[in-house]
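# Tertiary structure, described
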Amino acid sequence: MTTQNAVFIYSSEFEKYSYPPEHPFNTVRATRVREIVSSMGMLSGIGKTEVAPKSAERIVLKKFHTARYLHALKAAAGGHLDVEALQMNIGSQDCPVFKGLYEYSALAAGGTLTEAKMILSGQADIAFNPSGGYHHAGPELAAGFCYINDVALACVVLAEQKKRVLYLDVDVHHGDGVANKFYDRSDVLTISLHQNPKTLFPGTGFENEIGTGEGKGCCVNVPLPVGTYDQAYLKAFETIVLPLVKAYNPDVIVFELGADALAGDPLGNLRLTNNVYAEIINHLMSFDKPIVATGGGGYHVENTVRAWALAWSVFCGDDYGDDMSHAMGGVFLESTEWQAGLRDRELPVTEQQKNAVVPAIETVIKKIKKSIFPIHGI
Ligand SMILES: [Zn+2]
């Protein structure tokens, strides 16, 4: 697909806010991605624009969250943390209260909702909000560093306009908040590839969680063993995700691109390089459907920033494969790893590593093919 209109979502307003310094979630990642893609000339020119979002309005947030939760979140951000808020996990270790918490979350959600709006109006074909991707938040629950579920909201808004939505989540953690929302619906197909929940938060996302009622077969979970590397991951993606996308034939794709499945992430235990994300995006773009993309997890800041900058280069048609050197003029290379461009070096895989990963992935593929594929006529 030749990209017509790729929109990068960013506002300097985001720079006003940050999680507490000891918290693993670093909002500076979006700012750094923006700096890099800007210095590489990837925010201007034909078919590329940058758009500053407005905060999501409360009435829109209520399409997913309860009034009670939004009230507690705002009150907590204003210094009034009560038992009710704590019961909704606001003010916990994972979801602490910080200055501007409500404003930040509403602005991040506004970014992803702006993407959905621009896609619905035809102003954008692909949009990327590196400040989005809060897939764990529930209607009345802060969870896993997430307060307002921007990706679920985008799916709701798109589905309201009678769009068939594919939600694809490649964050290392199960995209539970989104999967739960649409568990009994067939108008939003959720697919999440993540580390086996036996070994990682949130402890859900097993292959037998396939949706219910109308939504049976429209919730797809691909749990992956610790140590999953590029080729093994791509095999699962190509064998499961590609046929499902083809069969489901969505009108729009919502793509949560958490980068915590990269090797070296302090919270995840997979071994991907960012080349996998480039490959996945190329696959998604080949379907020629509009894409609402967001960031998500990613706790090795340098690696996450490089992965998202690479993702944007693919979205806007500026990826030159392994050789980005001619596009690197003006980029300040802080890390020697960056001298080869945005792409990670390939990681060698030993026989032992293969033996630890391949059988588990083959078992998962077999189970999903058996339980989900027939529902979609595959
Ligand atoms: Zn994550």
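To keep things clear, this report deals only with the structure shown in the data block. (Residues numbered from 1 in each chain as written. Predicted model: local features only at pLDDT ≥ 70, side-chain atom pairs only at ≥ 80, totals over all residues. Heavy atoms only, no water.)

### Some remarks on the packing of aromatic side chains
Put simply, the rule reads: Pairing of aromatic side chains requires ring centres within 6.5 Å, counting the rings of Phe and Tyr and the six-membered ring of Trp. Pairs whose planes differ by under 30 degrees are stacked, by over 60 edge-to-face, and all others tilted. Segments assigned H or I by DSSP are reported as helices when at least four residues long, segments assigned E as strands when at least two residues long, and all are numbered from the N terminus. Exposed residues in this analysis have more than 50% of their type's maximum accessible area, buried residues have under 20%, and partly exposed residues fall in between, with area computed by a 1.4 Å probe over protein chains only.
Tallied over the entire structure, the rule returns 17 aromatic pairs. Arranged with centres 6.0 Å apart and planes meeting at 70°, the rings of F14 and Y104 form a pair that is edge-to-face. In this pair, F14 is assigned in the loop between β1 (6-9) and α1 (28-39) and Y104 in helix α5 (residues 101-120), connecting sequence segments 90 residues apart. The same class applies to F14 and to Y104, which are both buried. Aromatic pair Y19 and Y104: ring centres 6.3 Å apart, planes at 85°, arrangement edge-to-face. Pair noted here: Y19 is in the loop between β1 and α1 and Y104 is in helix α5, with a separation of 85 residues, a long-range link. Classification of Y104 as buried rests on a relative accessible area of 4%.

### Let's talk about helix α10 (residues 301-315)
Just so we agree on the cut-off: Every helix has an expected span of 1.5 Å times one less than the residues it contains.
In this model, α10 (15 residues) spans 21 Å end to end at C-alpha, consistent with the 21 Å of a helix rising 1.5 Å per residue. For α10, a buried count of 13 out of 15 residues is recorded, marking the element as mostly surrounded by other parts of the structure. Residue G317 follows α10 closely and has a positive phi angle near 80°.

### Things to note about the sheet that holds strand β7 (residues 252-256)
What counts here: Strands were regarded as paired on the criterion that DSSP finds at least two bridges between them. Helix axes are fitted to C-alpha atoms over the stretch in contact, other axes to C-alpha atoms as well, and angles between N-to-C directions run from 0 to 180 degrees.
With respect to topology, eight strands assemble into an open sheet ordered β2-β1-β3-β8-β7-β4-β5-β6, the strand pairing being parallel. Pairing within the sheet leaves two strands with one partner each, and these edge strands are β2 (48-51) and β6 (219-224). Taking the axes of each pair of neighbouring strands and ignoring which way they run, one obtains an average angle of 15° across the sheet.

### A word on the coordination of the zinc ion
Note on metal geometry: ideal angles are 109.5 degrees for four donors arranged tetrahedrally and 90 or 180 degrees for six donors arranged octahedrally. Where we set the bar: We call an atom a donor if it is N, O or S and sits within 2.8 Å of the metal, or 3.2 Å for Na, K and Ca. Water is not counted, so some sites may look partial.
The protein atoms donating to the zinc ion are D171 (OD), H173 (ND1) and D260 (OD), with metal-donor distances spanning 1.9 to 2.1 Å. Sequence spacing of the donors to the zinc ion: D-x1-H-x86-D.

### Points about the pattern of salt bridges
Selection criterion: Each salt bridge in this description consists of a side-chain nitrogen of Lys or Arg and a carboxyl oxygen of Asp or Glu lying within 4 Å of one another.
Going through the model one piece at a time under the given rule, you end up with 13 salt bridges. Among the salt bridges present, the one from R34 reaches E50, with a minimum N-O distance of 2.8 Å. Of the two residues, R34 is situated in helix α1 and E50 in strand β2; the sequence distance between them amounts to 16 residues. Classification of R34 as partly exposed rests on a relative accessible area of 26%. Assessed through its relative accessible area of 30%, E50 is described here as partly exposed. One salt bridge in this structure joins R68 and E140, with 2.7 Å as the shortest N-O distance. Note that R68 is positioned in helix α3 (residues 67-77) and E140 in the loop between β3 (126-129) and α6 (150-160), a separation of 72 residues in sequence.

It is worth stressing that arrangement in space is one thing and function is another; only the former is reported here.
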